[in-house]
Amino acid sequence: MDSVAERPAGLEITTQLRAERLDTLWKFTLIIAVLIVLFAFSLGLSMLRTQAMLQLVVAGVVVMVGCLGAQRFLNRKRYEAAVWSYALSLLMAIAFFMFSPGAKGPEEGRLLAFAYPVLILTVGLLLPVQSVIVALALSIAATLIVPSIGMYFTVTVAQVLAIVLMGIAAGIASQTSGEVYGIAQWALESYTKERALKDKLFDSQEELNRSYIRQKVLADDLQKTNIELEAARAAALEAKNFRGQFLANMSHELRTPLNAVIGFSETMLNFPMMYDGQELPPAYKTDLTQIYNSGKHLLQLINDILDLSKVDAGRLEMEIEAVDLDPIFKGVLSTAIGLVGDKPIKIKRDAPEGLPQVRGDSLRIRQVILNLLSNAAKFTDKGMITVGAAAQDDGHVRIWVQDTGIGIPAEDMASIFEEFRQGASGRRKGRAGSGLGLAISRQLLNLMGGQIWVESRLNAGSTFYFTLPVFADAAPAQAAQAAQAAPAAQSNQA
Ligand code: ADP
């Protein structure tokens, strides 16, 4: 609400205050008028019924009518009409007296004009300046005209004096009324402003209360969602652990018969002496070699699944120790030669001697490098495969396997580290895989405090990098091992 909208309400209050004043005035005047009429009656009865008494009665009745009119108008909330009803009745009553032949001679009658300033003052207190001017004009007219009705028009000193007093009364009335009106207006405006402010404050407080309630509801919702989320997380964790457990059991159960398949096929192929020296007919050899190779592939797959499931179930055990990279490099490089077979690929080592020892599990480090090397061999047809390493400034050793193979499309770069995800290259015929090698490598490195990433250009080759923390000394190594166990367990559960 603004103050402009409040204005009429403010004026209503001023009018109401004045109406109350008029209410008192008309009642008071009515009593006096009634008393005058009664007095006039009794005087008229006891003495002779003179015309002066009659004039007094008529004047009293006029005033009574004016007062009752004021009351009626007030009841109908027509305040201005009420004031005029009251003021005009008084004006007429005074004029009536001035005309009254009861006044002895014109001089006495004209003296009654001195009552007009009081009337003007009264009007001034009840109505705005314009009304005061109207009252003044009417009073002057009555003062000048009424006493001269029926005789020559004359103006006495008393009349002039009365008119001057009327002017002064009008001045004082309008001044006072203006000031009073201004003060009332100011007070009302202040009151209105204060009320608006109070309303605003109240509104703000309400709004605040509402936001508080809203916030509380939201907080409750959030808490509920958190509880649900926690339950969902626990369920997911349980499902993951269950999956890990299930895969671990399955892999274990599959490995036993598979080892028999591989073992017997290998014996049949390579050790005829086990069958009393009977050579296998050549027609069988191709199929049996296929059985043997498929068996090996299947076993690798099962081993990978077993590793992953152990990580999932938080059961992968690591022998964290100080690891010398040199013997690992030597071992994997000779394996790499076997992996590339008869493809025109050179195997190169780009790792200086005397690298610092790293902290990790030597078998698992070897497994990661072999995974990368077997991928490099699988996805490279000619060129070079390099195994390199260098110590970094941040307390890690960086190891890489670089090839000049088919490369990895940009859209596959992120997904190839996820379980069972193969890139476009991996899905090509003749390069079959499981999509598990990189996922396992990443998990193993996480557990050893390392990281893995790739840089590659399509048809130009790929470089897989990974880091391992440098082994500082024995004491920190043990601490690190202990620390390693905790996050490892956590990450397995997550
Ligand atoms: P797999 O090799 O058994 O498919 P990996 O997890 O080892 O599973 O590799 C995931 C995918 O990453 C592969 O299918 C292949 O698309 C891509 N990839 C990995 N190494 C290379 C590489 N050296 N060159 C090109 N693509 C590679």
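Residues numbered from 1 in each chain as written. Predicted model: local features only at pLDDT ≥ 70, side-chain atom pairs only at ≥ 80, totals over all residues. Heavy atoms only, no water.

(A) Representation of the overall build of the protein chain. Within the protein chain, the regular secondary structure consists of 12 helices and seven strands. A buried classification covers 38% of the 494 residues belonging to the protein chain. Restricting to contacts in the protein chain with at least 6 residues of sequence separation, those with at least 24 account for 71%. Carbon and sulfur atoms make up 63% of the accessible area of the protein chain, which amounts to about 28700 Å² in all. (Helix = DSSP H or I, 4+ residues; strand = E, 2+ residues; numbered from the N terminus. Buried < 20%, exposed > 50% of the residue type's maximum accessible area, 1.4 Å probe, protein only. Contact = heavy atoms within 4.5 Å. Areas by Shrake-Rupley, 256 points an atom, 1.4 Å probe, with all protein chains shown as cover.)

(B) Up close: the environment of isoleucine 385. Turning to its location among the elements, isoleucine 385 is positioned in strand β4 (residues 383–391). The spacing of isoleucine 385 and isoleucine 345 is 40 residues in sequence and 7.0 Å in space, taken between C-alpha atoms. Beyond its immediate stretch of four places on either side in the chain, isoleucine 385 contacts Val340, Ile345, Lys346, Ile347, Lys348, Leu373, Ala376, Ala377, Val401, Gln402 and Asp403.

(C) Structural context of the nonpolar core. Among the nonpolar cores identified, the biggest contains 47 residues, and Phe329, Ile365, Ile369, Ile399 and Phe466 are the most heavily contacted of them. Counting residues per element, the ones that place at least two in this core are α8 (282–313), α9 (325–340), α10 (362–378), β4, β5 (396–403), α11 (437–447), β6 (452–457) and β7 (461–469). Those residues in contact with phenylalanine 466 that lie beyond four places of it in its chain are Val368, Ile369, Leu372, Val397, Arg398, Ile399, Leu445, Gln451, Ile452 and Trp453. Leu22, Leu74, Ile94 and Leu126 belong to the second largest nonpolar core, which has 39 residues in total. (Core = buried A, V, L, I, M, F, W, Y, C linked by side-chain atoms within 4.5 Å.)

(D) Local environment of the packing of aromatic side chains. Under the defined criterion, the tally for this structure stands at three aromatic pairs. On the basis of an interplanar angle of 70° and a centroid distance of 6.3 Å, the ring pair of phenylalanine 417 and phenylalanine 464 is categorised as edge-to-face. In this pair, phenylalanine 417 sits in the loop between β5 and α11 while phenylalanine 464 sits in strand β7, placing the two residues 47 residues apart along the sequence. A single burial state applies to phenylalanine 417 and to phenylalanine 464, both of which are buried. Geometrically, the ring pair formed by tryptophan 453 and tyrosine 465 is stacked, given 5.4 Å between the ring centres and 15° between the ring planes. On the criterion of sequence distance, the pair formed by tryptophan 453 in strand β6 and tyrosine 465 in strand β7 is long-range, its members being 12 residues apart. Among the residues examined, tryptophan 453 registers a relative accessible area of 27% and is labelled partly exposed. One aromatic cluster is present, formed by Trp400, Trp453 and Tyr465 through successive ring pairs. (Phe/Tyr/Trp six-rings, centres within 6.5 Å; stacked < 30°, edge-to-face > 60°.)

(E) The pairing of β7, seen in detail. For β7, a buried count of nine out of nine residues is recorded, marking the element as mostly surrounded by other parts of the structure. Burial along β7 is two-sided: Gly461, Thr463, Tyr465, Thr467 and Pro469 facing one way and Ser462, Phe464, Phe466 and Leu468 facing the other are all buried. Pairing between β5 and β7: seven bridges, direction antiparallel. Following the sheet pairing, arginine 398 is matched in β7 by threonine 467. Connecting β6 to the antiparallel partner β7 that follows it, the hairpin turn spans three residues, and asparagine 459 within it adopts a positive phi of roughly 65°. (Pairing = 2+ DSSP bridges.)

(F) Local environment of the packing of helix α3 (residues 79–99) against helix α6 (residues 129–145). Packing of α3 against α6 brings their axes to within 10 Å, and their N-to-C directions diverge by 15°. Put simply, α3 runs roughly parallel to α6. Handedness of the crossing formed by α3 with α6: right-handed. Between α3, through Glu80, Trp84, Leu88, Leu91, Ala95 and Met98, and α6, the contact on the second element is made entirely by Ser131, Val134, Ala135, Leu138, Ser139, Ala142 and Thr143. (Axes fitted to C-alpha atoms, helices over the stretch in contact; angles between N-to-C directions. Parallel < 35°, antiparallel > 145°, perpendicular 65-115°, else oblique. Left-handed = near helix turned anticlockwise from the far one by under 90°.)

(G) The arrangement of the sheet that holds strand β2 (residues 345–350) in detail. Strand order in the open sheet made by the five strands is β2-β4-β5-β7-β6, with mixed pairing throughout. The open sheet terminates on both sides in strands that have one partner only, identified here as β2 and β6. The mean angle between the axes of side-by-side strands here comes to 15°, regardless of whether they run parallel or antiparallel. In the packing of α9 onto the sheet, the strands contacted are β2, β4 and β5, and the crossing angle to β2 comes to about 175°. Where α10 meets the sheet, it contacts β4, β5, β6 and β7, and its direction lies at approximately 20° from that of β5.

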